[in-house]
Structure formats: structure tokens, C-alpha cells
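Listed below, chain by chain, are the residues.
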There are 2 protein chains.
Amino acid sequence: VTDHASPAAQPTLARRAAGLASSLPASPDARSIAFDSGHAFPGVLPDLTRECVVALTTCRPETLQYAPRPGLADLRAEIVRFMASDGTSVAPEQVLVTNGAKHAIELICRLLLDEGDAIVVTTPTYFTAIPIFRSFGVEFVEVPQDQHGLDVAHLRETLADRAKAGRRAPKFVYNVPDFHNPTGVTMSEARRRELVELAGELGFFVIEDSPYRKVRFEGVSVPSVASLDGNARVFHVGTFSKLMAPGLRVGWVTGPADLIARMIQLKSDGGSCPLTQRVIVEFLRAGRLPAHIAQVQVTYRANRDAMVAALGEEMPDARMDVPQGGYYLWLTLPEGVDATEVARVAGERGVIVLPGSRFFARSDAPHPGNHLRVAYSHATSDEITEGVHRLAAAYRTVAAGARAASVS
Amino acid sequence: VTDHASPAAQPTLARRAAGLASSLPASPDARSIAFDSGHAFPGVLPDLTRECVVALTTCRPETLQYAPRPGLADLRAEIVRFMASDGTSVAPEQVLVTNGAKHAIELICRLLLDEGDAIVVTTPTYFTAIPIFRSFGVEFVEVPQDQHGLDVAHLRETLADRAKAGRRAPKFVYNVPDFHNPTGVTMSEARRRELVELAGELGFFVIEDSPYRKVRFEGVSVPSVASLDGNARVFHVGTFSKLMAPGLRVGWVTGPADLIARMIQLKSDGGSCPLTQRVIVEFLRAGRLPAHIAQVQVTYRANRDAMVAALGEEMPDARMDVPQGGYYLWLTLPEGVDATEVARVAGERGVIVLPGSRFFARSDAPHPGNHLRVAYSHATSDEITEGVHRLAAAYRTVAAGARAASVS
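Figured I'd write up the structure that's included with this text. (Residues numbered from 1 in each chain as written. Chains lettered and ligands numbered in written order. Predicted model: local features only at pLDDT ≥ 70, side-chain atom pairs only at ≥ 80, totals over all residues. Heavy atoms only, no water.)

In this section: the interface of chain B and chain A. Between chain B and chain A, the contact holds 75 residues from the first and 75 residues from the second. Both faces considered, chain B and chain A share a buried interface measuring about 6,300 Å² in area, 57% of it formed by carbon and sulfur atoms. Applying the counting rule to chain B against chain A returns four salt bridges. Here Arg110 of chain B ties to Glu106 of chain A by a salt bridge, and the two come within 3.0 Å at their closest N and O atoms. Inspection of the chain B/chain A interface yields 16 residue pairs in polar contact (both at pLDDT 80 or more). Sorting the residues of the side of chain B that touches chain A by element identifies helix 1 (10–20), helix 2 (49–56), helix 3 (60–63), helix 5 (101–112), helix 6 (129–135), helix 9 (257–266) and helix 10 (274–285) of chain B as the ones contributing at least two each. For the side of chain B that touches chain A, a count of residues per class yields 35 nonpolar, 23 polar and 17 charged. (Contact = heavy atoms within 4.5 Å. Buried area = accessible area lost by both parts, 1.4 Å probe. Salt bridge = Lys/Arg side-chain N within 4 Å of Asp/Glu carboxyl O. Polar contact = N/O pair within 3.5 Å; in protein donor to acceptor, adjacent residues only side chain to side chain. Helix = DSSP H or I, 4+ residues; strand = E, 2+ residues; numbered from the N terminus. Nonpolar A, V, L, I, M, F, W, Y, C, P; charged D, E, K, R; others polar.)

Take unusual backbone geometry next. Residue Pro124 of chain A is bonded to the preceding Thr123 of chain A through a cis peptide linkage, with omega at -10 degrees. Positionally, Pro124 of chain A belongs in the loop between strand 3 (118–123) and helix 6 (129–135). Although it is not a glycine, Phe179 of chain B sits at a positive phi angle of roughly 50 degrees. By secondary structure assignment, the location of Phe179 of chain B is in the loop between strand 6 (172–175) and helix 8 (189–202). If you check the backbone angles, Arg249 of chain B has positive phi at about 55 degrees while not being a glycine. Within the secondary structure, Arg249 of chain B sits in the loop between strand 8 (234–239) and strand 9 (251–254). According to the relative accessible area criterion, Arg249 of chain B is buried, its value standing at 6%. (Buried < 20%, exposed > 50% of the residue type's maximum accessible area, 1.4 Å probe, protein only.)

Below, the discussion takes up helix 5 (residues 101–112) of chain A. Residue and element names in this part refer to chain A. Counted at 1.5 Å a residue, the expected span for helix 5 with its twelve residues is 16 Å, and the 17 Å between its end C-alpha atoms agrees. With twelve of twelve residues buried, helix 5 lies mostly within the body of the structure. The set of residues buried in helix 5 consists of Ala101, Lys102, His103, Ala104, Ile105, Glu106, Leu107, Ile108, Cys109, Arg110, Leu111 and Leu112. (Expected span 1.5 Å × (residues − 1).)

Let's shift gears to the sheet that holds strand 10 (residues 328–332) of chain A. Strand-to-strand pairing in sheets goes through backbone hydrogen bonds, with the strands running parallel or antiparallel. All names here are of chain A. Read across the open sheet, the three strands follow the order 10-13-12; overall the sheet is antiparallel. On the outer flanks of this sheet lie strand 10 and strand 12 (354–355), each paired with one strand and no other. The sheet contact formed by strand 12 and strand 13 (residues 371–375) spans two bridges and is antiparallel. Of the residues in strand 13, the one forming a bridge with Pro355 is Leu372. (Pairing = 2+ DSSP bridges.)

Here we come to the sheet that holds strand 13 (residues 371–375) of chain B. Residues and elements named next belong to chain B. Strand order in this open sheet of three strands is 10-13-12, and the pairing throughout is antiparallel. Of all strands in the sheet, those with a lone pairing partner are strand 10 (328–332) and strand 12 (354–355), marking the two edges. The sheet strands contacting helix 11 (residues 289–314) are strand 10 and strand 13, and the helix crosses strand 10 at an angle near 20 degrees. (Axes fitted to C-alpha atoms, helices over the stretch in contact; angles between N-to-C directions.)

Per the counting criterion, the structure on display carries 58 salt bridges over all chains. As a salt-bridge pair, Glu139 of chain B and Arg167 of chain B come within 2.6 Å of each other at their nearest N and O atoms. In this pair, Glu139 of chain B sits in strand 4 (residues 139–146) while Arg167 of chain B sits in the loop between helix 7 (152–164) and strand 6, placing the two residues 28 residues apart along the sequence. Members of the salt-bridge network, linked through shared partners, are Glu62, Asp74, Glu78, Arg81, Arg278, Glu282 and Arg285 of chain A.

With that settled, the discussion passes to the relation of the copies chain B and chain A. Between chain B and chain A, the superposition needs a rotation of 180 degrees and an axial shift of 0.0 Å, giving an RMSD of 0.0 Å. These values place the two chain copies in the arrangement generated by a two-fold rotation axis. Looking at the interface residues of chain B, 100% of them are also at the interface in chain A, so both copies use one shared face. (Least-squares fit on C-alpha atoms with pLDDT ≥ 70 in both.)

All names here are of chain B. Where helix 12 (residues 339–348) contacts helix 13 (residues 381–407), the axes come no closer than 8 Å and their chain directions differ by 130 degrees. Accordingly, the angle class assigned to the pair helix 12 and helix 13 is oblique. For the crossing formed where helix 12 meets helix 13, the hand is right-handed. When helix 12 is examined against helix 13, the residues Glu341, Val342, Val345 and Ala346 are found in contact with a partner set consisting of Leu391, Ala394, Tyr395 and Val398. Of the residues in the contact of helix 12 with helix 13, the class split is seven nonpolar, no polar and one charged. (Parallel < 35°, antiparallel > 145°, perpendicular 65-115°, else oblique. Left-handed = near helix turned anticlockwise from the far one by under 90°.)

Residue and element names in this part refer to chain A. Looking at the element boundaries, His236 is found in strand 8 (residues 234–239). Here the side chain of His236 touches Glu208 through a polar contact of 2.5 Å, side chain to side chain. Ignoring anything within four residues of it in the chain, the contact list for His236 reads Met83, Glu208, Ser210, Ser224, Ala226, Trp252, Val253 and Thr254.

Residues and elements named next belong to chain B. Burial along strand 6 is two-sided: the residues Phe172 and Tyr174 and Val173 and Asn175 are all buried. In this sheet, strand 6 lies alongside strand 3 (residues 118–123) in parallel orientation, the contact comprising two bridges. The residue of strand 6 that forms the bridge with Ile119 is Phe172. Here four bridges tie strand 6 to strand 7 (residues 205–209), and the two strands are oriented parallel to one another. Residue pairing for strand 7: Tyr174 is matched across the bridge by Ile207.

Residues and elements named next belong to chain A. By the secondary structure assignment, Leu333 is in the loop between strand 10 and helix 12 (339–348). Note on Leu333: relative accessible area 2%, which makes it buried. Taking the C-alpha atoms as reference points, Leu333 and Tyr395, separated by 62 residues in sequence, lie 8.9 Å from one another. Beyond its immediate sequence surroundings of up to four residues, Leu333 is in contact with Met315, Ala318, Ala339, Val342, Asn370, Leu372 and Tyr395.

Right, dumping it as C-alpha cells:
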């Protein structure tokens, strides 16, 4: 009999497993309607054959060898240009190309974190980031947010209280300031300024994870946190997953040049794929990005509107703040309704949604149990209609059960 | 003034930087001849345009969305088939597709290692793996090798001594058993059997890193360590970098199914690139791999022969065991000649080679200083002639200086 629970391996494996149990994905059957993921709408996946043929013929010696560790020079230059057009000024040596945004977050963790370090996240926060942080053995400090985003005054108080109590200062604040995942809230400029000021004052870093920044349907873009950073305290994480296609697996991180240089050394993976990097460079140089972003905006706005309308009709009990962009709606069910149970019953009835409980980092603190995250990004109009119908039926079943239990 | 040396960040950053200083690549100028890297010979980079067009048209919804975390099912099946054809039987759920082999090594470390853990490496060992291990804060236990590979009897004694002294057992043994990097030695079947037996007995794991296994020019293939593993103790790391092209950035790891399942959860990167995975599947299904491997073997054998001949003529003082495959020659210069100085002078004269000192994991133990690693994989015939000529001149200069110093 094989014994993986040998004395040497046991503590680490147990911790790793405990840290990751909550990240297991649901396994929907094929006929289920999936409102759970951040997939792209299939109709907006671009045709990249021309770019790929150029990459594999004209550029073959580049695209089939190892790439430079920081990323192709041409791609770093394009990222600098792209961010400059969005009001954020960085130098090429401040840019590190990664295998998607989550890889960037992991590299920042490897750079900054030691076991037992504290980090700050919002309540709720991006659920896929939670197991990454947890695998580094962090202590989570949760701060609330409101319609203006992360509550910086509350953060300041929390950190002051911790300092008084002799508890260690957090290494960084992790946030999704544009169309927050899962709540859809965009952090106001005033709050962003307060956050970078506090970071400079207390010496922590800020991770600005901003995949949805360009997926804006209306309203005016807020300056990136990185653009307001006068103290070299902000890591900005970007990705081509939401700009072009998730399957390219190319993201980037910008930050202080000396720390990016150390991350480049930590990124001991033989360089990110030069083939997909070159495909992106060719796409950007051909000037295809603006039209593609416009198509994404139009498509996802229509999806959002369809889902908001369907929910208003079928589930009038569910409250929500309609976001101006992004992929998700964050529903608040009436108090006392167990959203995890709603998600479970919905799954049985053929629609996959995520219970809000998945988005809270601390397992040892109480959190509201009546939220659902619903993704409108990659469903068709028919799927939205039918999926919301199924979800509403599941909700009514669970709510009726809850009422009956409270009466009896 | 920005202060990254804030109290919170300081210890981690210092350790990370110290651990990585030795991994900085040399920066050759454009006219230098590079004998330092594991790049592919440009002439054997395959034409993948057909595969890529299929991937981006017929398979677009798959290749441009997120991939399943373990890898495309079709690719896992192809890897199972490929390994079976090589005598190693694994089930699909034992296969995890990664962003290259180094990513696989890093994931194994994340699964198994805690700060301060001990691991075993050969003297010398693969230099790019050293900073990965070091970034996890490991203690290195070095074991020697001879012409039969890692000396398992010596390992057994070392581990018995450690146990007696109350020092912690190592979590794993890392080795490159086929055409070892840098020495080119292939571990004998008897030694492989002894190693898996010892692993089962003492409860450590074995990482079999085998990128060069198919780059064999002559002689008979030895069963993989994984194929001899009766105790579910072996992780086998493979890569398409050496089978097809480094730029694809697709590797894999096989191991005990329960541990692979945990690694899949740890691999929180949104899945490896489905585009390059599909390109590989199409290439394999078209039956192109055997002919491609044959071409690689013929090309690299010719390169090896040319370099061995040139070294024999120009640097008769340099001893070497001619490897039956792989990418590298491991040169032993006469005692007292400083190979690091030879590499430095060679760099000035326009040929980049790596000093053997880069391949020793422990910085607190004495190692021989008279080795050089020379890659023949991606140089042309003219570059081999001219590069060895420059290297020999650098060697003579340094050796003459050493003789003069010892006489005076």
C-alpha cells in the first residue's frame, strides 16, 4: 500500500489540501447553462489566423525558441503604449509579461510573501485569488467596500488597531478597482488617491488587478491606481484574456523597476510563450484592438441588459447594483435565504451560479449568506432567458422552504 | 525617496535576491557565438502553420477560451500514448500539462516543500533548477555521480548519517537521468532500480526530469525511472521543448494520481495555453513526431561529432566523456585551471560558455573549479569551428597565466 502520508510530507500536503478545497470548480453537465465562469462570449473570439501564420513563418526563429524572460521587447513596447493611451505611464523595464494575470499575482506573492504574512482583501473578493494567497500561508485582513469601492478610512483604522495590538503590518492590499469581481463596483478616484497615499505612508504595496477595465458600457473611466502612484507602491496586473481571448494566456504586471527585475528572476519558466506573444503584437500593430474592444462592449452590454431585465421580471426579490461594465451581477437575496442552497438547487435544475460564500477569504469570520454571483458574459440571449427562469424557480423553492421553516 | 526596504518587506526580498543572483544570464553581444543555452537548432524548428490554422479555425472555441486546468483531454491522451510507446504506463489522470518543464518542477516544489526542507541533487546538477529550489528556502543535500549516474549507495549512506544525526529526511531527489544536464551521463537501469527501492523504503519522492530522453544518437534507451516505480514515488517531468520546439512552452508532469490532483488545484493559472496544446495534438495525430525526432537526432549527432572533433584538435587538454545524446559536453580542464576565468575570457573573445561552478547547488561546500559546459545543440558547423577556436585561445591564455603564477 502506498503511503503518501509519510512523516516528511504530511504537514505540507495537509495544509495545501486544506487551502485549496474551496477552489474546486463545480462540474456542470453538458446541458446546463453556465452563469459561473469568466469565459468569453464565443461570438467575440477574434480570427487570429493571419497573425498566427505571420508568427509561424516570418517570425519562426523567434516564436519557436525560448522567449526573453521579461517578454518579447515588441510586446512590452505595445503594453507601454496601450497603458499610456489609458493614462498610465510606465517604462518598458517596468513591464513583465506573464502566463495570464493569475500568474502575475502568484509571482508577486512569491516576491513579497513569507508564511504567516498578512494581506488585505475586500469583502467579498475575487474567489480565484483566494487559494493562491492561501497557498502562501497568509493571514487575511478583510475590509468592507461600498458603492465607491474599498473603504480606505476603514482600512486606515483597521491597520492602526493592528499596529496598536502589535500585529504585523500587511504586505499588500489586493483589489479589483474596475468592475470589481464579484460586486461590479468601480472604486472612485478619491478612494484610489487615499489608498496610494496610505500605502506610501505605511509602506505596504497595492495590487491593482484590472482585467475588466476596458469592458465599460457607459460612464467615464476612472484613472488607474497605478497612474496615481507617486511612491512606487503599486503593481498593476493586466491581461489579454478580456481584451482578446482567454486562451492566449498572456497577461502582464507593471511595478517599480527594481522589483520587476527581481520578479523576472523569479519567473524561472523559460519565458512566456513567444508564439502567443507575437500573435498579440501582430494584432495590436494591425490596429485591430479598438474595433474588437468596441464589439466586446456592445455584446456584453446587451448581455447585461438582457440579464438585468430577466432578473427584474423573474426574481424581483433579488437586489443588485447594476454595474457599468465587467462580466458579473452580484445579487442580494432577502435575508434568511441561503444562497448556497439556491445555487445547489439551481445546479440540479440546469443552471450554474456561484454562491457568494465562495468570495469571502476568511473562513473564521461571519459573512452574509444571501449573495449570488451571476455571469452574463458568455451566455446567449436564449440561455439568459432560460437560465434566469431556472434560477428563479430554484430561488422560489428555497425561499418557500425557508419561510415554512421560520413559521413552524 | 522610495524605500522598498520597508520593515515588512525586507527579509523576504533579501532572501529572494540572494537566492537568485546566480541565475542571471550572461548577456552576449550579437556577434558572439552562443554555446551556453538549450535553444533548438533553427533548422529543425518544424513548420506548424497547418496545425495552427486548424487550431484557430476548426477548434477556435476551444483554443481561445480557458483550457481545463489539467490540460486538454486530447493532449493528456496523447501524452499517455507517447509515454506508453516508451515503456512507461500512466493513466490520463496522472498527467498534468504545464507551461514547460520548469513550471512542473515549480509546482512539485509548491506541493511538497516547506521552508527549510532538505532535497537531494547531484553534483553537478541542472543550473536553472537551482534558483527554483533555492526560492523555496531548501537545504541542498549533494550526492556524487559517476559514469553510471547518481551514486545510490552513497545516497543511502548520506541519508543514514543524517538520520543518525537527527537531521530531517529530504522530501525528494531531483535528477536528470537521461543525458544528464550538464554531464551527459545516463543513469544505468540498476541504479534506477536501486533509487526507486530506496525511495519506497525511506519515503522520499523522486523527480525524474527527462527533457533529452528522445535526443539519443546511439546505444539503447534505459527504462524511465517512472516505469520502474512500484511505490508511487516518482514524478516524471517531460517537455515538448526538446521534442518539437521550446517556444511552445508546453511540458507535463506525471505522478501518483492523488498528488497530481492536488497539483492541479495548485496550478491556479487559468489552465495552460489551449492554442499551443491543440497545435501539439494536431502535430502528434498527423504522425509527424517520429520523423521530426529522427531529424533532431541526425542534426544534433552531427553537431556533437563536429564539436568533439574540434575540441580534440584545438583543446587536447580538455577531457570529456562523449555523451550518447542530449545537448551538452561537460569538459574537465587540467587541475588548477580556473574554468570561470576561461569562460570570462572566452566571453570577451566572442564565445559564450558556462563555467561548471554554475551547476553546483551548495554555495557552502567546495566544488571543482575546472569544468565547462558547452552546448552543441544550436550552433552551425561554422560556428562550432570558430567558437571552439576562440574557446581554445581563451583556455591557453588562462592556462599560461596559471602556469606562470605557479612557477613564480
